[in-house]
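Tertiary structure, described
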Amino acid sequence: MTHHTKAPYPKRKRLVVVGNGMAALRAVEDLLARAPDAYAITIFGAEPRVNYNRIMLSPLLAGEKTFEEIVLNDLDWYAANGIELIGGDPVTCIDRDARVVRSAGGVERPYDRLLLATGSNPIVIPIPGHDLPGVVTFRDVDDVEVMLKAAESGGHAVVIGGGLLGLEAANGLRARGMSVTVLHLMDHLMERQLDPSAGHLLREELERRGMTVLTGADTASITGTDRVGMVHLKDGTSLPADLVVMAVGIRPNARLAQTCGLEVNRGILVDDMMTTSDPEILALGECVEHRGVCHGLVAPIWEMAKAVGAGLAGEIHDGFRPGATSTKLKVSGIDLFSAGAFQGGEGCEDIVLRDAGRGTYKRIVVREDKVIGAVLYGDTQDGSWYVQLMRGNEDVSAIRDSLAFGQAFAGGSGANPKGAVAALSDDAEICGCNGVSKGAILAAIAEKGLSTLEEVRAHTKASGSCGSCSGLVEQVLALALGADYQANSGPKPVCGCTHQDHDTVRRMIVSQDLKSIPAVMQALEWTTPDGCAKCRPALNYYLLCAWPGEYEDHAASRFINERVHANIQKDGTYSVVPRMWGGQTSAKELRAIADVVEKFNIPEVKVTGGQRLDLFGVKKEDLPAVWADLNAAGMVSGHAYGKSLRTVKTCVGSTWCRFGTQDSTGMGIDLERMTWGSWMPHKFKMAVSGCPRNCAEATIKDFGVVAVDSGWELHVGGNGGIKVRATDLLCKVTTDAEVKEYCGAFIQLYREQAHYLERTAPWIERVGLDFVKARVVDDTEGRAALNARFLASQEYSQTDPWAERASGGKDSHEFTPLARVEG
Amino acid sequence: MDQSLRWTDVAAVEDIPRQGSRVITGGADPVAVFRTHDDQIFALIDRCPHKGGPLSQGIVHGASVTCPLHNWVIDLATAEATGPDEGCSGHVPARVERGRVLVCLPQSFGG
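All values reported here derive from a predicted model rather than from experimental measurement. (Residues numbered from 1 in each chain as written. Chains lettered and ligands numbered in written order. Predicted model: local features only at pLDDT ≥ 70, side-chain atom pairs only at ≥ 80, totals over all residues. Heavy atoms only, no water.)

Here we look at the overall build of chain B
Broken down by element type, chain B carries 0 helices and 10 strands. Along chain B, helices (α) and strands (β) appear in the sequence β-β-β-β-β-β-β-β-β-β when read from the amino end. Over its C-alpha trace chain B gives a radius of gyration of 13 Å, about what one expects of a compact globule, namely 13 Å for 111 residues. Dimensions of chain B, computed from the C-alpha atoms along their principal axes, are close to 35 × 30 × 25 Å. Per-residue burial for chain B yields a buried fraction of 51% across its 111 residues. Once local pairs closer than 6 in sequence are excluded, the contacts in chain B between residues at least 24 apart make up 41%. Summing over all exposed atoms, chain B offers an accessible surface of approximately 5000 Å²; the carbon and sulfur share of this is 45%. Each charge sign in chain B was given a centre, from 9 positive and 13 negative side chains, and these centres are 7 Å apart. (Helix = DSSP H or I, 4+ residues; strand = E, 2+ residues; numbered from the N terminus. Rg over C-alpha atoms; globule rule 2.2 N^0.38 Å. Buried < 20%, exposed > 50% of the residue type's maximum accessible area, 1.4 Å probe, protein only. Contact = heavy atoms within 4.5 Å. Areas by Shrake-Rupley, 256 points an atom, 1.4 Å probe, with all protein chains shown as cover. Lys, Arg positive; Asp, Glu negative; His and termini not counted. Charge placed at Lys NZ, Arg CZ, Asp CG, Glu CD.)

As structure tokens, this is what we get:
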């Protein structure tokens, strides 16, 4: 027998990182990838949060992302990598002789190597009133929170600064419903990234979106009594302001470095190895100054992170070499790109291509047969190709004539995007944000067997930040996988378990008489034994829809909310929403709800957007008892948790309202009584307004009814979610009976045709309004048949699921533990 | 080595729905016991390594479960996240003997 005596673990060097932002963490990640065990790492952060994607503050402000979605490294990541995170406690002192850092809270950590990534501070113009409440910068999540708070009550926002950050803030605040004025000191917007022509196009587009842009605007002061009220310009103009955002630039935060005696100019001075004047101390990010330049864009900072990672890992490397940088504006719907020396100058030639019809503008700057800069507006697809030409310092004299038309037309690679990607060299950059090259993506595809965009994103980070290179990444995938890659070729399969698409599956279920999930999987050659969390709920719904009354619902193929008839919350508790028909309630119902809240210690009651009450924080084991009490007062499940009919929102209508033309509440109640309990491809919301003032917001619902003097307007396909879509007018009808018939027919068409998890809005965009009109409006018999099928299926779905579980004891295993074991 | 394991008889296999899961309470974190489509039994700590979601509430497919909060897929046999996600929710030894489910519960369940 041999005995292995474990060698004592070599004492690791101590790395202390000051700063917990994107630059710091990217460097640490790079180091861990190269030398996972080389250092014991401690990270100090001033903000009390984990590392998040600061580039995504704009989508956060605009409501396109949540904070959770922009987190880059969550607490588990720090734990998993054995990194000590000291958050919310800034480092105030570095003792370089003793090699110890000290925080404001008195925490001390000795170091062998120290990495400074203290970032930058937003510049605040020291004009009178700059410190009034309501004046913010746009730098971190706290700033966004202040802006969102201000935007809640609408009003006027004044954004000082028409650069990248200012315009993103302006767009976000406009999207949040504020009226927005942008003040810019220079003559055209984004003058550091755009030439005047593109700046002009951008200004026109922003004004079209309802923003006011004032160029040449020099702010003199901000006034207000207890908070901001007005902004005054030097030319005498005064603007009302409920919120002022200063987005005029950033300044490297080098104070800590300065106080400990490191060499500092505008930023902390570093060499190509990112070493400061103290050889044991490195620095990177927006706090440094390298060869006279302070970088603020993400791409060069990722390059710095590579140099830091390699250096700390003890590798021989070339150090940081800033390449041509490029900029993209992250304002949805505006495609804008610039790179290099786009302003031109002596000895430069401009190649300009304008297309008024498409609203595009391209300007390529060439000097001595080399591309040195580019500005693209409206069509930015070729941006990375121009950057590639710049970095490669390539002679473009042979392709000069077609240069502005883009890569597809230049250099004989043909008008084939795949050919164009094939022609790129391996070190060509595909993802500018994360610095991922074509070669790195190809290597990951080969080594890890990746086959989808999502997988490539997960493994390489390509297209993971701003996402604008997703198309390019797909082309790299197509190039690597050839015929095996089916991105845009034909309909997408339901999931990874099958090659069949949704429409085929639905068709086969009916034509081959498939009546159970295993039967579908067998007949359609599923490649997994029992599917996955994507396909099983879809199949369960398709079968339920195809065979009402015959198919037995498969609980194990439903998402938890539909299994326990309540909404799971992030802490594992549930929320309960009783149905309030047409938004009407009574003293009896309210009293019963109040009693339930007190009896079960329910921590929060909230009024929903659908005119009901939501009880939050209910323990799972309490659900049946809560339902029993609500049932006793006559209330049933509101299905607020289901891919099903949710609410019918109504206004008070002619019963009370002096403008009301019809009894909208009564109509809403009738529709809800008719449709409740119905399972759908996705959630389905309705509303009835009693007059065209439309107080029930019927024109952003899946099915909206608006009363007019002569009858009812029927609207379909609206959505108030992530992507707002106003309804399309389906038709006008005169009688109440017609409203109900058209409603039943429309719902049934959607139930039978849409893909699982497809709302009516994208469904109608996919199949076209004309298709819906042809089936529901023009075809009288077809409409009656659809409605009849809907009503027939309702006979099997209008049993209150709460009552079945509260008094009927159904699925009791869902609400009780298997066992309780104690010592 | 197995001498240190203490097996607790918690239930009959039929007490757990097929393609489903139920929990054992009494310890620091509940333990989720899973029954797959082919009647294999697995147990893990009922906390997704991602955000602590209750894995027992997820959809069970193959020998995996998809967390109900953010769709992480956890391999029931190893308790490890699959695909690009990384993390482990804590494997709990479980076996079936004559139709009964035996689980080796963590220390916090006492005893």
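Observations regarding the pairing of strand E24 (residues 336-340) of chain A
All names here are of chain A. For E24, the buried fraction is high: 4 of the 5 residues fall into the buried class. Sheet topology note: the strand E23 (residues 326-328)/E24 ladder contains 3 bridges and is antiparallel. Pairing of Lys 328 across the sheet is with Phe 337, part of E24. (Pairing = 2+ DSSP bridges.)

Some details on the layout of surface pockets
Considered as a void within the structure, the second largest pocket measures approximately 790 Å³ in volume. Surrounding the second largest pocket, 36 residues form its lining, Leu 544, Asp 553, Arg 558, Trp 679 and Lys 810 of chain A being those nearest its centre. Residue assignment for the lining of the second largest pocket shows that the elements contributing at least two residues are helix H17 (535-546), helix H18 (560-564), helix H25 (780-794) and helix H26 (801-806) of chain A together with strand E2 (20-25) of chain B. Sort the elements by how many residues they give to the lining of the second largest pocket and H26 of chain A lands first, with 3 residues. Among the residues making up the lining of the second largest pocket, the classes are represented as 10 nonpolar, 14 polar and 12 charged. Each of domain 4 (502-558) and domain 5 (645-794) of chain A contributes no fewer than three residues to the lining of the second largest pocket. (1 Å grid on protein atoms, 1.4 Å probe; cavity = no way out; pocket = protein on both sides within 12 Å on 5 of 7 lines; lining within 4 Å. Points joined across faces, edges and corners; volume = space filled by probe spheres on them. Nonpolar A, V, L, I, M, F, W, Y, C, P; charged D, E, K, R; others polar. Domains from an automatic or database assignment.)

Examining the interface of chain A and chain B
Facing the 33 residues of chain A at the interface are 33 residues of chain B. Across the interface of chain A and chain B, roughly 2600 Å² is buried in total on both sides, 59% from carbon and sulfur atoms. Among the residues chain A hides against chain B, the three largest losses belong to Asp 530, Leu 818 and Val 821 of chain A. Together they make up 26% of the total. For the interface between chain A and chain B, the tally reads 0 salt bridges. Between chain A and chain B we count 15 residue pairs in polar contact (both at pLDDT 80 or more) in total. (Buried area = accessible area lost by both parts, 1.4 Å probe. Salt bridge = Lys/Arg side-chain N within 4 Å of Asp/Glu carboxyl O. Polar contact = N/O pair within 3.5 Å; in protein donor to acceptor, adjacent residues only side chain to side chain.)

Brief notes about the confidence of the model for chain A
A residue-level look at chain A finds 94% of positions with pLDDT of 70 or above and a mean pLDDT of 88. Low pLDDT (under 50) marks residues 1-9 of chain A, which in the prediction has 1 contact with non-local residues, meaning those over four places away or in another chain. (pLDDT = per-residue confidence, 0-100.)

Quick look at the pattern of salt bridges
Two side chains carrying opposite charge are able to pair once their charged atoms lie near each other. Residue and element names in this part refer to chain A. If you walk through the whole model with that rule in mind, you get 48 salt bridges over all chains. A salt bridge links Arg 558 to Asp 553; the shortest N-O distance between them is 2.9 Å. Taking relative accessible area as the criterion, Arg 558 reaches 6% and is therefore assigned buried. Salt bridges here are not isolated pairs; linked through shared partners, they connect Glu 47, Arg 49, Arg 54 and Asp 142.

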